[in-house]
Amino acid sequence: ATWSPYAAGAGIGVLVCLSFLLCNRPLGASSAYVKARGLLEKAVDPRLEEKKEYYREIPPRVDGVLMLLPGIIIGAFIAAVLSGQFHLSWVPGLWSAAFGDNAIVRLLAAFAGGIILAFGARWAGGCTSGHGISGTSQLSLASIVSAACFFIGGIVAAFVIFHFVGV
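Residues numbered from 1 in each chain as written. Predicted model: local features only at pLDDT ≥ 70, side-chain atom pairs only at ≥ 80, totals over all residues. Heavy atoms only, no water.

1. Section: the overall build of the protein
Okay, step 1: Each helix and strand counted, the protein has nine helices and zero strands in total.
Okay, step 2: The secondary structure elements of the protein, listed N-terminal to C-terminal, are α-α-α-α-α-α-α-α-α.
Okay, step 3: Each principal axis of the C-alpha distribution contributes one length, and for the protein these read about 50 × 40 × 35 Å.
Okay, step 4: When burial is assessed residue by residue, the protein has 23% of its 167 residues classed as buried.
Okay, step 5: Considering only contacts within the protein whose residues lie at least 6 apart along the sequence, 50% involve residues at least 24 apart.
Okay, step 6: Of the roughly 11,700 Å² of accessible surface on the protein, 73% is carried by carbon and sulfur atoms.
Okay, step 7: Here the protein contributes 11 positive and 8 negative side-chain charges, whose respective centroids are spaced 2 Å apart. (Helix = DSSP H or I, 4+ residues; strand = E, 2+ residues; numbered from the N terminus. Buried < 20%, exposed > 50% of the residue type's maximum accessible area, 1.4 Å probe, protein only. Contact = heavy atoms within 4.5 Å. Areas by Shrake-Rupley, 256 points an atom, 1.4 Å probe, with all protein chains shown as cover. Lys, Arg positive; Asp, Glu negative; His and termini not counted. Charge placed at Lys NZ, Arg CZ, Asp CG, Glu CD.)

See the structure below:
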């Protein structure tokens, strides 16, 4: 059984409302990664927080923003288990059909994709959840343009993978 996209969408809408109501801030994940990196840097050298102006804007501390990361992982795990679709796999079938079943190549591609995604999220001033969910719900023009670009990029990537790579 799969999750209803309507129920998932309604749940995300409620989550966005709760984020504004209880935390007085929009929902987004890219700041959480910055906080996590800042905490790691702070553990190595506590003076780094004072040296980097960036951490004045987004201080590296454990808060609701940072707790979104384990919440996403735990929530995804619970959803997969409850829907009966949980299984461990180093190489998903769709990837294997297109690029082979080498787990090292898959992990390197995922790592490189993560770096590109993080760079793009910081460059765009937020991630898909920040712009696409919270920003568009506030009718932010920058978020509407960003969300449109996310969709266009996804469509182009799917077209390239499914038509040129041969999946």
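Resuming the write-up.
2. Quick look at the packing of helix H1 (residues 5-23) against helix H8 (residues 128-137)
Okay, step 1: The geometry of H1 relative to H8 is characterised by a closest axis approach of 11 Å and an angle of 65° between their N-to-C directions. Compared by their axis directions, H1 and H8 come out roughly perpendicular. Note that H1 runs across H8; the crossing there is right-handed. Across the interface between the two elements, Ile-12, Val-16 and Phe-20 of H1 pack against Ile-133, Ser-134 and Ser-137 of H8. (Axes fitted to C-alpha atoms, helices over the stretch in contact; angles between N-to-C directions. Parallel < 35°, antiparallel > 145°, perpendicular 65-115°, else oblique. Left-handed = near helix turned anticlockwise from the far one by under 90°.)

3. Comments concerning the nonpolar core
Okay, step 1: Counting six residues, the largest nonpolar core consists of Val-16, Leu-27, Ala-29, Leu-68, Ala-121 and Cys-127.
Okay, step 2: Look past the residues within four positions of Ala-29 in its chain and what remains in contact with it is Leu-68, Leu-69, Ile-72, Cys-127 and Ser-129. (Core = buried A, V, L, I, M, F, W, Y, C linked by side-chain atoms within 4.5 Å.)

4. Remarks on unusual backbone geometry
Okay, step 1: Phi is positive for Asn-24, close to 55°, though the residue is something other than glycine.
Okay, step 2: By relative accessible area, Asn-24 is classed as exposed at 70%.
Okay, step 3: Positioned with a positive phi, Leu-139 is a non-glycine residue whose angle comes to about 60°.
Okay, step 4: Relative to the elements of secondary structure, Leu-139 occurs in the loop between H8 and helix H9 (141-165).

5. Quick notes on helix H5 (residues 64-83)
Okay, step 1: Taking 1.5 Å per residue, 20 residues should reach 28 Å; H5 reaches 27 Å between its end C-alpha atoms and fits that length.
Okay, step 2: Of the residues making up H5, those classed as buried are Val-65, Leu-66, Leu-68, Leu-69, Ala-80 and Ser-83.
Okay, step 3: On its buried side, H5 packs onto helix H2 (30-44).
Okay, step 4: Positive backbone phi, approximately 75°, marks Gly-84, located one or two places after H5. (Expected span 1.5 Å × (residues − 1).)

6. Notes on a nonpolar patch on the surface
Okay, step 1: A grouping of Trp-3, Ile-74, Phe-77, Ile-78, Val-81, Leu-82, Phe-86 and Leu-88 is seen on the molecular surface, where their side chains present a nonpolar patch of about 880 Å² in accessible area.
Okay, step 2: One can find Leu-82 in helix H5.
Okay, step 3: For Leu-82, a relative accessible area of 63% corresponds to the exposed category. (Patch = residues over 30% accessible without salt bridge, like charges linked within 9 Å, V, L, I, M, F, W, Y side chains within 5 Å. Salt bridge = Lys/Arg side-chain N within 4 Å of Asp/Glu carboxyl O.)

7. Structural notes on the environment of Ile-133
Okay, step 1: With respect to the element layout, Ile-133 can be found in helix H8.
Okay, step 2: Note on Ile-133: relative accessible area 27%, which makes it partly exposed.
Okay, step 3: A C-alpha to C-alpha distance of 7.6 Å links Ile-133 and Val-16, two positions 117 residues apart in sequence.
Okay, step 4: Setting aside residues up to four positions removed in sequence, Ile-133 forms contacts with Ile-12, Val-16 and Thr-128.

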